[in-house]
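# Understanding the architecture of this molecule
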Amino acid sequence: MRPSEQIALVKSDVNLEHSTVSVNKARVAGIDRDSTKTDEDRTVVLCPRALAVLKCQLELRSGLERTGFLNHDHVFFHADGQLIRNLQQPHKRWRRTLASIKLRYRKPYSARHTSVSWNLMLGKNPLWVAKQHGHSVATMLRIYTAWTEGALESDIDAIDGERIVQTELPLK
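To keep things clear, this report deals only with the structure shown in the data block. Remember, predicted model here, so these are calculated numbers, not experimental data. (Residues numbered from 1 in each chain as written. Predicted model: local features only at pLDDT ≥ 70, side-chain atom pairs only at ≥ 80, totals over all residues. Heavy atoms only, no water.)

Here we take up the sheet that holds strand S1 (residues 14–15). Spatially, the three strands line up as an open sheet ordered S1-S2-S5, and their pairing is antiparallel. Unpaired on one side and paired on the other, S1 and strand S5 (42–45) mark the two borders of the sheet. The pairing of strand S2 (residues 20–23) with S5 spans four bridges and is classified as antiparallel. By the bridge assignment for S5, Thr20 is matched with Val45. (Pairing = 2+ DSSP bridges. Helix = DSSP H or I, 4+ residues; strand = E, 2+ residues; numbered from the N terminus.)

Moving on: the nonpolar core. Judged by nonpolar contacts, Leu9, Val14, Val21, Val23, Val44, Leu46, Leu51, Leu54, Leu58 and Val75 together constitute the single largest core of 10 residues. Elements with a minimum of two residues in this core: S2 and helix H2 (48–66). Sort the elements by how many residues they give to this core and H2 lands first, with three residues. In this structure Val75 touches Leu9, Val10, Lys11, Val14, Leu54, Gln57, Leu58 and Arg61, once residues within four positions along its chain are discounted. Counting six residues, the second-largest nonpolar core is a separate cluster that includes Val116, Leu120, Met140 and Tyr144. (Core = buried A, V, L, I, M, F, W, Y, C linked by side-chain atoms within 4.5 Å. Buried < 20%, exposed > 50% of the residue type's maximum accessible area, 1.4 Å probe, protein only. Contact = heavy atoms within 4.5 Å.)

On to the pairing of S2, then. Across two bridges, S1 lies against S2 in antiparallel orientation. When the bridges of S2 are listed, Val14 appears paired with Val21. Hairpin connection from S1 to S2: four residues lie between these consecutive antiparallel strands, with Ser19 at a positive phi of about 55 degrees.

Turning next to the packing of aromatic side chains. Counted according to the given criterion, the structure contains zero aromatic pairs. One cation-aromatic arrangement involves Arg95 over Tyr105; the distance from NZ or CZ to the ring centre is 3.9 Å. (Phe/Tyr/Trp six-rings, centres within 6.5 Å; stacked < 30°, edge-to-face > 60°. Lys NZ or Arg CZ within 6 Å of the ring centre and 35° of its normal.)

So, about a nonpolar patch on the surface. The grouping of Leu127, Val137 and Leu141 at the surface amounts to a nonpolar patch, some 220 Å² of accessible area in total. For Leu141, the position within the fold is in helix H6 (residues 137–149). (Patch = residues over 30% accessible without salt bridge, like charges linked within 9 Å, V, L, I, M, F, W, Y side chains within 5 Å. Areas by Shrake-Rupley, 256 points an atom, 1.4 Å probe, with all protein chains shown as cover. Salt bridge = Lys/Arg side-chain N within 4 Å of Asp/Glu carboxyl O.)

Although it is not a glycine, Ser19 sits at a positive phi angle of roughly 55 degrees. By the element assignment, Ser19 lies in the loop between S1 and S2. Judged by relative accessible area, which is 18%, Ser19 ranks as buried. Although it is not a glycine, Asp39 adopts a positive phi angle of roughly 60 degrees. When you line up the elements, Asp39 lands in the loop between strand S4 (31–33) and S5.

If you want it as C-alpha cells, here you go:
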C-alpha cells in the first residue's frame, strides 16, 4: 500500500477472515480523499507476516478503544491516539527504527518497491501484482522490469527463503 493509503485505513477496510484489506481512500497532506491516487479501489491480499502485524495493531487498537483512548476508527494513529494527518511523523519514526537496528537509511516507499519486485521475481502473475499495488500493468513493467531482468537464481532462492522465514517468525 502507498503510505497515504495506510494512514487512511479504517477498521471496516480490514477483513481478517479473508486476509485482505480494501484500499479505497487516501490521506494526502492532511486532506482525506475518498479515492486512491489512481482512483481505482482494490483489494490487497495480505501475506502471513503482514496479516500477523495487522492483527497485533488491531489488538492494540481494541485495547485502547476499550479504555476510551480513541475516538476514531482508523487502524494506525499516533502514540497519543490522534490521527496521522501527514507522513512526516511516520517517516521520522521509520528513520529512527532503521538507525536503531543499524540499517542504512532508505525511504519507506522502498518497502513497496521491494514488494513489487519480489513478487515479479518469484513469478507471480504481472496482472495480479499490478492490481495488488495499484499500478497499470504498463507502468509496473516499465518501472520494475529493470530490477527483475538481471535476477539470478540465487537471488530468487534468497527471496523465497526470506518469505518462508518471515511467515514463521512469531511476533511479540
